[in-house]
Amino acid sequence: MSATNPGPAFMMVIAVLFSFFIAWIANRGVTGSTAVNIAINVIQIVALLIFSVMALSYRSSHPEGAAAWQFDSSSGEAYNYDFLTEKTPPTA
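Residues numbered from 1 in each chain as written. Predicted model: local features only at pLDDT ≥ 70, side-chain atom pairs only at ≥ 80, totals over all residues. Heavy atoms only, no water.

Draft legend 1. Quick look at the overall build of the chain. What the chain contains, in helices and strands, is one helix and two strands. Relative to a compact globule of 92 residues, whose C-alpha radius of gyration would be 12 Å, the chain shows 33 Å and is clearly more extended. Taking the principal axes of the C-alpha coordinates as reference, the chain spans close to 100 × 30 × 30 Å. The 92 residues of the chain split such that 2% are buried. When the accessible surface of the chain is split by element, carbon and sulfur atoms take 70% of a total near 8,400 Å². (Helix = DSSP H or I, 4+ residues; strand = E, 2+ residues; numbered from the N terminus. Rg over C-alpha atoms; globule rule 2.2 N^0.38 Å. Buried < 20%, exposed > 50% of the residue type's maximum accessible area, 1.4 Å probe, protein only. Areas by Shrake-Rupley, 256 points an atom, 1.4 Å probe, with all protein chains shown as cover.)

Draft legend 2. View of the environment of asparagine 41. Along the chain, asparagine 41 turns up in helix 1 (residues 8–61). Residue class for asparagine 41 comes out partly exposed when judged on its relative accessible area of 42%. Placed 18 residues apart in sequence, asparagine 41 and arginine 59 show a C-alpha to C-alpha distance of 27 Å.

Draft legend 3. The packing of aromatic side chains, seen in detail. Summed over all chains, the structure comprises one aromatic pair. Look at phenylalanine 21 and tryptophan 24: their rings are 6.2 Å apart centre to centre, the planes differ by 25°, and that puts the pair in the stacked class. Remark: tryptophan 24 and phenylalanine 21 occur in helix 1; sequence separation between them is three residues, near one turn of the helix. (Phe/Tyr/Trp six-rings, centres within 6.5 Å; stacked < 30°, edge-to-face > 60°.)

What follows is the structure, encoded as structure tokens:
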């Protein structure tokens, strides 16, 4: 053993301590990433439920054949628009 080569016993102790340190970092990372993934999943599910309720409420308040508004992007005007609910044969 010398100052430049501390010996195998010292290197073994450092290797064991380093492996525990790396395991601690990995455990913190797994715990943190799990929490982030859970938060992302909760946000996605809540957004899906909100948009589903919005779509269902819009559809129930606008039955088939009801008048709707059509927005013209070039003029900025909105027009009352009746959706076609039955097929009409083409005229010759």
